[in-house]
Structure formats: C-alpha cells, structure tokens
Amino acid sequence: MEYVYAALILNESGEEINQSNLTDVLEAAGVDVEESRVKALIAALEDVDIEEAVEQASAAPVPASGGAAAPASDDDESDDDGDDEAEEAADEGGDDEDDEDDEASGEGLGELFG
C-alpha cells in the first residue's frame, strides 16, 4: 500500500511518477524498496489518470458497515405466525437466573464509559 501512497504523493506534488522518484519517496519513508514492485506499479499506472481515479473513489457511496442494524421493515411485522406468543409464554415462566446473568454481564459497562 505504501507504494501506491508514494505514487499519490508524487502526483500531488506534480512530480513525474517514475522509478527513481518512487524509490526516493519510499526510501525517505523508511520502506525496504523492492524494485520489482516499483516497476509493476509504474507499469500499472501507465494509462491511468490518477486525478480522475481519486475523484471517482472519493465520490463513490460508502456502503453501510456490517455493525449497523438495518431498520425493521413492515414485512417483518406482518409475518406473525405465532412465534411471538410462544416466546412470550417462555419469558413469563422463565428463570430469574437469566435476569441475574443479564444484569451481571452489564455491570462493568458503566465504568468503561464513565
């Protein structure tokens, strides 16, 4: 990835992206330069308009992360097949032990967030 960053630095500063310049930037950053990777990057960037590529990349929409929950749709509510009633009956007759476990697992969270 540092090879691509070096090419972006050269492009941003208006310098030519060639083997010598790319190697100099990488060495200045403390990277152990592999000549074959430098040559491969230069060949790959030969027909690429970097300004256009950066513009397109920054304009691309960012997908929602896997951690975000999707909002419930109306379809979920209309699929009532009696499972909710079974869950409610189990909850009503449930053990108090489960409630204690739930409370114990969240005790330290307040200390984390002050």
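Quick note: structure is the one above.
None of these values were measured; they are calculated from a predicted model.

About the cut-offs
- Residues numbered from 1 in each chain as written.
- Predicted model: local features only at pLDDT ≥ 70, side-chain atom pairs only at ≥ 80, totals over all residues.
- Heavy atoms only, no water.
- Helix = DSSP H or I, 4+ residues; strand = E, 2+ residues; numbered from the N terminus.
- Expected span 1.5 Å × (residues − 1).
- Buried < 20%, exposed > 50% of the residue type's maximum accessible area, 1.4 Å probe, protein only.
- Arc of directions from axis to C-beta.
- Contact = heavy atoms within 4.5 Å.
- Polar contact = N/O pair within 3.5 Å; in protein donor to acceptor, adjacent residues only side chain to side chain.
- Patch = residues over 30% accessible without salt bridge, like charges linked within 9 Å, V, L, I, M, F, W, Y side chains within 5 Å.
- Areas by Shrake-Rupley, 256 points an atom, 1.4 Å probe, with all protein chains shown as cover.
- Salt bridge = Lys/Arg side-chain N within 4 Å of Asp/Glu carboxyl O.
- Lys, Arg positive; Asp, Glu negative; His and termini not counted.
- Charge placed at Lys NZ, Arg CZ, Asp CG, Glu CD.
- Core = buried A, V, L, I, M, F, W, Y, C linked by side-chain atoms within 4.5 Å.
- Axes fitted to C-alpha atoms, helices over the stretch in contact; angles between N-to-C directions.
- Parallel < 35°, antiparallel > 145°, perpendicular 65-115°, else oblique.
- Left-handed = near helix turned anticlockwise from the far one by under 90°.

A. Structural detail: helix 1 (residues 2-13). If you check helix 1, its first and last C-alpha atoms are 16 Å apart, about what twelve residues at 1.5 Å a residue would give, namely 16 Å. Taken residue by residue, helix 1 has Tyr-3, Ala-6, Ala-7 and Leu-10 as its buried positions. Each buried residue of helix 1 lies within a common arc of 100° when the element is viewed along its axis, so the set occupies one face. Against helix 2 (19-28) and helix 3 (35-44) lie the buried residues of helix 1. Once helix 1 ends, the next one or two residues include Gly-14, with phi positive near 80°.

B. Expanded view of the side chain of Thr-23. On the secondary structure map, Thr-23 appears in helix 2. Here Gln-19 takes part through its backbone oxygen, which lies 2.7 Å from a polar atom of the side chain of Thr-23.

C. Highlighting a negative patch on the surface. Judged by side-chain charge, Glu-12, Asp-49, Glu-51, Glu-52 and Glu-55 come together as a negatively charged surface patch. At three residues, helix 4 (residues 50-59) tops the list of elements feeding residues into the negative patch. Relative to the helices and strands, Glu-51 is located in helix 4. When its relative accessible area of 44% is taken as the criterion, Glu-51 is described as partly exposed.

D. Focus on the nonpolar core. Tyr-3, Ala-6, Ala-7, Leu-10, Leu-22, Leu-26, Val-38 and Leu-41 together form the largest nonpolar core, which totals eight residues. Those elements that provide at least two residues to this core are helix 1, helix 2 and helix 3. The leading source of residues in this core is helix 1, at four residues.

E. Inspection of the pattern of salt bridges at higher detail. Inspection of every chain in the model, using the stated rule, returns one salt bridge. Here Lys-39 and Glu-35 are joined by a salt bridge, their closest N and O atoms 3.1 Å apart. Residue Lys-39 and its partner Glu-35 are both found in helix 3; the two are separated by four residues, about one turn of the helix. Given a relative accessible area of 45%, Lys-39 falls into the partly exposed group.

F. Representation of the packing of helix 1 against helix 3 within the structure. Where helix 1 contacts helix 3, the two axes come as close as 10 Å, and the packing angle between them is 55°. One way to sum up the angle between helix 1 and helix 3 is to call them oblique. Helix-helix and strand crossings are classified by hand; for helix 1 and helix 3 the assignment is right-handed. Contacts between helix 1 and helix 3 involve Tyr-3, Val-4 and Ala-7 from the first element and Arg-37, Val-38 and Leu-41 from the second.

Remember, this is a structural readout, not a statement about activity or role.
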